[in-house]
Amino acid sequence: MSAIKLDPTWKEALKPEFLKPYWKDLTTNIRKQYQTQQTYPPAQNIFRALDLCPLDSVKVVIVGQDPYHGTGQANGLSFSVNDGIPLPPSLKNIFKEIKGDLGSKPLPSGDLTRWATQGVLMLNSVLTVLANKPASHAGIGWEQFTDAIIQTLNAKRTNIVYMLWGKYAQAKGAVIDRDKNLVLESGHPSPFSASLFFGKHHFSKCNDYLLENGILPIDWR
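Owing to the predicted nature of the structure, the values given are computational and were not obtained by experimental measurement. (Residues numbered from 1 in each chain as written. Predicted model: local features only at pLDDT ≥ 70, side-chain atom pairs only at ≥ 80, totals over all residues. Heavy atoms only, no water.)

A few points about the overall build of the chain
Here comes step 1: Within the chain, the secondary structure is distributed over nine helices and six strands.
Here comes step 2: Relative to the globule expectation of 17 Å for 221 residues, the C-alpha radius of gyration of the chain, 17 Å, shows essentially globular dimensions.
Here comes step 3: For the chain, the spread of C-alpha atoms along the principal axes amounts to about 45 × 35 × 25 Å.
Here comes step 4: Burial statistics for the chain: of 221 residues in total, 53% are counted as buried.
Here comes step 5: Within the chain, contacts between residues separated by at least 24 positions form 67% of all contacts whose residues are at least 6 apart in sequence.
Here comes step 6: Total accessible area on the chain stands at roughly 10300 Å², and carbon and sulfur atoms take up 53% of it.
Here comes step 7: Side-chain charges in the chain split into 24 positive and 19 negative, and the spacing between the mean points of these groups amounts to 5 Å. (Helix = DSSP H or I, 4+ residues; strand = E, 2+ residues; numbered from the N terminus. Rg over C-alpha atoms; globule rule 2.2 N^0.38 Å. Buried < 20%, exposed > 50% of the residue type's maximum accessible area, 1.4 Å probe, protein only. Contact = heavy atoms within 4.5 Å. Areas by Shrake-Rupley, 256 points an atom, 1.4 Å probe, with all protein chains shown as cover. Lys, Arg positive; Asp, Glu negative; His and termini not counted. Charge placed at Lys NZ, Arg CZ, Asp CG, Glu CD.)

Here you go:
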């Protein structure tokens, strides 16, 4: 995995993880998966969420579960799809909530790079997946690595907004210091639980908090 791009600030902060036994097992396994099976996202995009959001630039963290498993969808950012790909149901509901909350209609593209470059870390708990097999790479080590990312942010940064949608994300964020950050929790935006997601005004609450702390808000369009 040494050839995969990873922002230097994260590479330094996460150095202890790279020395642990699980990391060697994980990278050996993932390398083999990419060589033998259709695996998403493209290998160069595995760490894209971190690459677009250096450690000192993170303003918001949105936690997802694992990448989309359909052709051409996954681009390394949670909930995001490549430009030109139809919006998945969860992303449609996120856009719907933004419009209801802020009164502004998001751009039609589901490529959320535009958020990531503003400091929104769109972090999946599991960073890879086999084609057409959701959660196929759960439990092989990625969760330990992404837990370390959240723990690093919690230790080194304050005044970050964490958007934890659904029980999975909320469990992932249990370590976050609520006194030094803003944690927003709701149901997952999938159609199965969207009634517990709509109307929570997370996007306006996020921007209000950032402004209160002298931080430039996010343009959620």
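Some thoughts on the UniProt feature "active site" (unreviewed entry) in the chain
Here comes step 1: In the numbering used here, UniProt assigns the "active site" (unreviewed entry) feature to Asp66.
Here comes step 2: Its location among the elements puts Asp66 in the loop between β2 (60-64) and α5 (89-102).
Here comes step 3: The contacts of Asp66, once residues within four sequence positions are left out, are Asn124, Val126, Val129, Pro134, Ala135 and Ser136.
Here comes step 4: In this structure the side chain of Asp66 is engaged in a polar contact, spanning 2.6 Å, whose partner is the backbone nitrogen of Ala135. (UniProt positions renumbered as here; feature names shortened; annotations may be inferred. Polar contact = N/O pair within 3.5 Å; in protein donor to acceptor, adjacent residues only side chain to side chain.)

Section: the layout of surface pockets
Here comes step 1: What the largest pocket holds in volume is close to 510 Å³.
Here comes step 2: In terms of lining residues, the largest pocket is bounded by 27 residues, among which Gln65, Asp66, Pro67, Tyr68 and Ser90 are the most central.
Here comes step 3: Going through the elements one at a time, α5 and β3 (120-124) are the ones with two or more residues in the lining of the largest pocket.
Here comes step 4: Here the residues of the lining of the largest pocket sort into 14 nonpolar, 12 polar and one charged. (1 Å grid on protein atoms, 1.4 Å probe; cavity = no way out; pocket = protein on both sides within 12 Å on 5 of 7 lines; lining within 4 Å. Points joined across faces, edges and corners; volume = space filled by probe spheres on them. Nonpolar A, V, L, I, M, F, W, Y, C, P; charged D, E, K, R; others polar.)

Section: helix α9 (residues 202-212)
Here comes step 1: Every buried residue of α9 is listed here: His202, Phe203, Ser204, Cys206, Asn207, Tyr209 and Leu210.
Here comes step 2: Each element contacted by the buried residues of α9 is listed here: β2, α5, β5 (161-165) and β6 (182-186).

Considerations on the pattern of salt bridges
Here comes step 1: For the structure shown, the criterion picks out five salt bridges.
Here comes step 2: Lys15 serves as the salt-bridge partner of Glu12, at 3.2 Å between the closest nitrogen and oxygen.
Here comes step 3: Of the charged contacts in the structure, one is a salt bridge between Lys20 and Glu17, with a shortest N-O distance of 2.9 Å.
Here comes step 4: Residue Glu17 is classed as buried on the basis of its relative accessible area of 9%. (Salt bridge = Lys/Arg side-chain N within 4 Å of Asp/Glu carboxyl O.)

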